[in-house]
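Now for the letters of each chain:
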Amino acid sequence: MNILLFASAYNGMCQRVHRELEAENHRVSIELSASEEVMQEAVAQFQPDLIICPFLKHRVPEAIWREHLCLIVHPGIEGDRGPSSLDWAIDMERNQWGVTLLQADEEMDAGDIWATQNFPLRGAPKASLYRREVIATAVAEIKNILLDAIQKPDFRPRPLDYSNPNVKGKCLPLMRQDWRKIDWLNDNTETIVKKIHAADSFPGVLDDIAGNTVYLFGARAEYRKTNAKPGELIGYRDGAVCRATRDGAVWIRQMKMAQHGEKTFFKLPALQVVTQQFHNPEYFEHLGVLDSQVQQDINTEIKNGVAYLSFDFYNGAMNTEQCIALLAKLRELRAHADVRVIALLGGEDFWSNGIHLNCIESSVDPAHESWRNINAIDDVVQEIINMDNKITVAALRNNAGAGGAMMPLACDSVWAREGVVLNPHYQTMGLYGSEYWTYLLPKRVGQHLAHELTTQCMPILAKAAKAIGMVDQVLPEDWELYHQTLQKACEELTKDELFFSTLEQKQQRRVADECVQPLETYRAAELRQMKAIFDNPDSDYHKLRYNFVHKISCGKTPSRLINHTTKEKVLQIA
Ligand code: COA
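It should be emphasised that the depicted structure is a prediction, and the values quoted were computed from it without experimental measurement. As a convention, each chain's residues are numbered from 1 in the sequence order in which they are written. Confidence filtering applies because this is a predicted model: local features only for residues at pLDDT of at least 70, side-chain atom pairs given and counted only at 80 or more, and all residues used for totals across whole chains, interfaces and linings. To get the side-chain values, take all heavy atoms of the structure and skip hydrogens and water.

Trainee: Explanation requested: the confidence of the model for the protein chain in the structure shown.
Mentor: Atomic detail in the predicted coordinates should be set aside for any region of low pLDDT. For the protein chain, per-residue confidence averages 96 on the pLDDT scale, and 98% of positions sit at 70 or higher. How sure the predictor is of each residue is captured by pLDDT, a score from 0 to 100. In this description, contact between two residues means that some pair of their heavy atoms is separated by no more than 4.5 Å. Across residues 567–574 the pLDDT falls below 50, and counting only partners more than four positions away or on other chains, this stretch makes five contacts in the model.

What follows is the structure, given as C-alpha cells:
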C-alpha cells in the first residue's frame, strides 16, 4: 500500500509507525507541513491508498479527508476528545486509558471509530505514558486494521455514540495553567506529583519560587517529614531540588524559567535554574545535598551475580557531571567481587540520547562544554569496552539516539525491547560524532552499513537492527516480560562455564582488535573532527543545537522522509 503520514513532528511515535509500516512492505511517505496547499500537493503526488496521522496537532483539509481514507491516532479512550487527553486522564486518576483510531471528519476527534484499545494507566509522567503505552498501543491498532479491517470490503467503522454506556470518554477542553496550579498550602505530595506528571514534557506547571516564575517538570515524591513551609526549597541532589509539602516533600528534576520580555528559556536541571537563572540565588545558598532513596539518577541493584545499573537521566541527556558519576559507578562495579554481569538499563523513558545539548547551550562557553561533555561520555564508553573482568549487557529497554545509540555497542551483548527505535547518527545535529563509534559500529555492521546508517540519518527498529547485527536479541515489548526475560538471560551468563569462556573470548577479541588498530586512535581521530566543529563558531552544530534546544523548526519536511516526489523525479529522469 502507499501510506502517507501527516504529522506535526517526526517524533518517537511517527518514527516507529513509519518504520513498522515499511517493515510490512508498505510504501510510506511523510509530510510534516501544516500548510493545506503542501498537504494537498503531497496527496496529489503520492496518491496514497491510506493516510495516517500518528501525531497531528492541526486539521486535515476537508478536500483530503472527503476523497481519501484518513485515520487519526488519538491518545484517548473511545469518546474522548480534545487536546489534553493524557493530562485529563492523569488528573482524573483514571486507572485505564487508551488509544483510538478515528476517521478524519468535520469535527475534530469526532469521526467514525476504526479501532480502540485500552491499557492500565501507570502513575507516571505524561511523556512516559506516551512513549511507552500510547505508542505501543497505536502501533498494534494500526497493524491490526491493516491486516484486517482495511482488507474487508464490508467493514464499517462505528460512529461515535455517547448514548452507548460503554463509551466512557468525553470532550474536554485544553487544560490551562489555572487548573494545573499547585496550592502548596492545601495540596498534598501525591496531588502535587500528579499535577506535575499531567504537565510533563509540555507545558509544565507554572509556579513561583521566591519571586521567580518557573515551569516545573519531572516530579518524584519524597516521603520525609520537614518543618519547612510548603513550597520552600529544602535541598538538592543530582541536579534536582527538593521542596517541602504540607505532608512531606517533592523532588523537582527540571525547571524552565517563564519567558521574560524577549528572553526565552529552555528546560534545565532544576538546581542549575535556581543557582544560575533566579534573580536571588543568594536566597538559596544555605541549601545542602539531601540524602534520598527516591532521587537517584544512577541506581544499582545486585541480584544473583548480576548488577542492574540504571541511569535515569531526564530525557536521556547525559551532561558532563552525570557521565562522571556513571563512570565512577562502573568502576565501583568493576571492583565488585560478587558481580559477574553488568546489565546497563538506561532510564525509564530513554536509554540515552548522548551529550546534554541543553546544558551545553546554557553554559558560558558552549564549545568548551561540548568538549568536556564528549570526553566525559567517551570515558564511560571506554570503561565499558575495557571491562575485561565482567560481561556487559546493554539492556535497550527504550529508544536511544546519537551517541546514546552508539554507547550500547560497547557492551558484549545488546538486547533490545521489541519496538525500540534507534537513531544511530549525528549529522542532524551537525556533528561527526564520537563515543568510539568508528570502532564499534563497523565492527558490528561493516563499513558500508555503518556509513549508510550515519549518513542517511534514519531511525531503525530493534528488529531491523538485529537483522544487520547491531542488536543481538530482541526481547518482548511488554515491560514486565522484558525484565523477566532479561533477568533469566543475564543469570544464565553468570554460570561458570558460560562466564569464563565468554570472558576469555572477549579478552582475546579485544587484544586482536588492539593489534589491528589501538582503541585510542579511534577516539583521537573522532575528537579531532569534533574539536574542529566545536571551535568553529559558524559550524552548523551551534545553529542546529540552538534550534533544537529552543524548539525552532525549519518548517520543512526533511527530504529524507519524503517519498512522494520520487515518482515524479523518476519519471523525469526516464
Ligand atoms: N540533550 C538534551 N535534551 C535532549 C537530547 C539531548 N541530547 N535529546 C533529546 N532531548 C530532549 C528533547 O529536547 C525533548 O525535550 P522535551 O521534553 O522538552 O520535549 C525530549 O528529550 C524528547 O526528545 P524528542 O526529540 O522529542 O524525542 P524523539 O523521540 O522525537 O527523538 C532523537 C529522539 C534522539 C532523534 C532526538 O531527541 C534527537 O535528535 N536528540 C539529539 C541527539 C543528539 O544529537 N545528541 C548529541 C550528540 S551525542
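Trainee: Help me understand the nonpolar core in this model?
Mentor: As a rule of thumb, nonpolar side chains are buried together in soluble globular proteins. Definition used in this section: a nonpolar core is a set of buried Ala, Val, Leu, Ile, Met, Phe, Trp, Tyr and Cys residues joined via side-chain atoms within 4.5 Å. Only protein chains enter the calculation, and the probe is 1.4 Å; a residue is then buried if its accessible area is under 20% of its type maximum, exposed if over 50%, and partly exposed in between. By size, the foremost hydrophobic cluster in this structure holds 93 residues, and its most contacted members are Met255, Leu326 and Met407. For methionine 407, the contacting residues outside a window of four places in its chain are Phe311, Met318, Leu326, Trp351, Ile377, Val380, Val381 and Ile384. Ile3, Met13, Leu129 and Leu146 belong to the second-largest nonpolar core, a separate cluster that totals 41 residues.

Trainee: Can you help me understand the domain arrangement of the protein chain in this one?
Mentor: Where interface size is quoted, it is often the accessible area lost as the parts come together. For the protein chain, the assigned domains read domain 1 (2–151), domain 2 (177–284) and domain 3 (298–535). Annotation comment: domain bounds sourced from an automatic or database domain assignment. The straight-line distance from the C-alpha centre of domain 2 to that of domain 3 is 32 Å. With twelve residues of domain 2 at the contact, the number on the domain 3 side is eight residues. Two parts placed together each lose some accessible area; with a 1.4 Å probe, that loss summed over both constitutes the buried area. Here domain 2 packs against domain 3, burying approximately 830 Å² in sum over the two surfaces, 48% of which is carbon and sulfur. Between Lys or Arg on one side and Asp or Glu on the other, a salt bridge is scored when a side-chain nitrogen of the former is within 4 Å of a carboxyl oxygen of the latter. Our count for the contact surface shared by domain 2 and domain 3 stands at one salt bridge.

Trainee: What is the right way to read empty space enclosed by the protein from this model?
Mentor: Where empty space is left can be seen by rolling a probe of water-molecule size over the atoms. The pocket and cavity definitions rest on a 1 Å grid over protein atoms only: a 1.4 Å probe that fits but cannot leave marks a cavity, an open set with protein on both sides within 12 Å along at least five of seven lines marks a pocket, and residues lining either have an atom within 4 Å of a point. Grid points are joined across faces, edges and corners, and a volume is the space filled by probe spheres set on the points. Overall, the coordinates contain four cavities of 30 Å³ or more when judged by the stated rule. Strands here mean DSSP runs of E at least two residues long; helices mean DSSP runs of H or I at least four residues long; both are numbered from the N terminus. Looking at the lining of the largest cavity, the elements with two or more residues in it are helix H1 (12–23) and helix H5 (126–147). Tallied by class, residues from the lining of the largest cavity come to five nonpolar, no polar and three charged. Under this grouping Gly is polar, as are all residues other than the nonpolar Ala, Val, Leu, Ile, Met, Phe, Trp, Tyr, Cys and Pro and the charged Asp, Glu, Lys and Arg.

Trainee: Looking at this model, I keep getting lost on the site of the ligand. Mind explaining?
Mentor: In the vicinity of the ligand lie 25 residues, with Lys267, Asn315, Asn353, Ile355 and Leu357 positioned nearest. Distance and chemistry together define a polar contact, namely a pair of N or O atoms within 3.5 Å, with one atom able to donate a hydrogen and the other to accept it when in protein, and with adjacent residues in sequence counting only for side-chain atoms on both sides. Between serine 201 and the ligand, the recorded distance is 3.3 Å, taken from a side-chain N or O atom to an oxygen atom. Per-residue accessibility takes into account occlusion by the displayed protein chains alone, with areas from the Shrake-Rupley method and a 1.4 Å probe. Protein contacts shield 85% of the accessible area of the ligand, which totals 860 Å² for the unbound molecule. Of the residues contributing to the shell around the ligand, the split by class is nine nonpolar, twelve polar and four charged. We call a residue near a molecule or strand when any one of its heavy atoms sits within 4 Å of it.

Trainee: Sorry, what's going on with the pattern of salt bridges here?
Mentor: Side chains that differ in sign of charge can pair as their charged atoms come close. Scanning the entire structure with this criterion turns up 41 salt bridges. Salt-bridge contacts for glutamate 222 lead to arginine 224; the nearest nitrogen and oxygen are separated by 3.9 Å. According to the relative accessible area criterion, arginine 224 is partly exposed, its value standing at 26%. When salt bridges with common partners are traced through the structure, they connect Arg16, Glu20, Lys143 and Glu477 into a single cluster.

Trainee: Can you walk me through the packing of aromatic side chains in this structure?
Mentor: Two numbers describe a pair of aromatic rings. These are the distance of the centres and the angle of the planes. Classification of ring pairs uses Phe, Tyr and Trp, with its six-membered ring standing for Trp, and accepts pairs whose centres are within 6.5 Å; under 30 degrees between planes counts as stacked, over 60 as edge-to-face, and the remaining range as tilted. As enumerated under the stated definition, the model contains eleven aromatic pairs in all. Judged by centre distance (5.1 Å) and plane angle (40 degrees), the rings of tryptophan 114 and phenylalanine 155 are tilted. On the criterion of sequence distance, the pair formed by tryptophan 114 in strand E6 (residues 113–120) and phenylalanine 155 in the loop between H5 and helix H6 (177–180) is long-range, its members being 41 residues apart. Accessibility expressed as a relative area gives 25% for phenylalanine 155, which makes it partly exposed. Centroid distance phenylalanine 311 to tryptophan 351: 5.2 Å. Interplanar angle 80 degrees. Geometry classified as edge-to-face. Of this pair, phenylalanine 311 sits in strand E14 (residues 306–311) while tryptophan 351 sits in strand E16 (residues 350–352), and the two are 40 residues apart along the sequence.

Trainee: Would you mind going over the pairing of strand E11 (residues 249–257) with me for this structure?
Mentor: In summary, the side chains of a regular strand alternate between the two faces of the sheet. Where burial is concerned, most of E11 is hidden: eight out of the nine residues are buried. Should DSSP find at least two bridges between two strands, the strands are taken to pair. Across eight bridges, strand E8 (residues 212–222) lies against E11 in antiparallel orientation. Bridged to leucine 216 within E11 is methionine 255. Note that strand E10 (residues 240–244) and E11 share four bridges and pair antiparallel. Note on E11: the bridge partner recorded for valine 241 is isoleucine 252. Hairpin connection of E10 to E11: four residues between the antiparallel strands.

Trainee: Just to check I follow, could you spell out the side chain of serine 352 for this structure?
Mentor: Structurally, the position occupied by serine 352 is in strand E16. Within the local environment of serine 352, its side chain forms a polar contact with the backbone nitrogen of glycine 354, the two atoms lying 3.1 Å apart.

Trainee: I would appreciate a short explanation of the sheet that holds E16 in the present structure.
Mentor: Strand pairing in a sheet relies on backbone hydrogen bonds. The paired strands run either parallel or antiparallel. Read across the sheet, four strands follow the order E16-E18-E20-E21 without closing on themselves; strand pairing throughout is mixed. Two strands in the sheet have a free side with no partner beyond their single neighbour: E16 and strand E21 (460–461).

Trainee: For this particular structure, what's the right way to read the packing of helix H11 (residues 366–385) against helix H17 (residues 519–535)?
Mentor: Two quantities define a packed helix pair, namely the angle between the helix axes and the distance between the axes. Orientation is described by axes fitted as lines to C-alpha atoms, over the contacting stretch for helices, and by angles from 0 to 180 degrees between their N-to-C directions. Contact pair H11 / H17: the axes reach a minimum separation of 10 Å and the direction vectors enclose 165 degrees. Relative to H17, H11 is oriented roughly antiparallel. Between H11 and H17 lies a crossing of right-handed hand. Two secondary-structure elements touch here, H11 through Ala367, Ser370, Trp371, Ile374, Asn375, Asp378, Asp379, Gln382 and Ile385 and H17 through Leu519, Glu520, Arg523, Leu527, Met530, Lys531, Phe534 and Asp535. In the contact of H11 with H17, the residues fall into eight nonpolar, three polar and six charged. For classification, angles of less than 35 degrees are called roughly parallel, those exceeding 145 degrees roughly antiparallel, those between 65 and 115 degrees roughly perpendicular, and all remaining angles oblique. Two helices crossing with the near one rotated counterclockwise from the far one by less than a right angle form a left-handed crossing, whereas a clockwise rotation gives a right-handed crossing.

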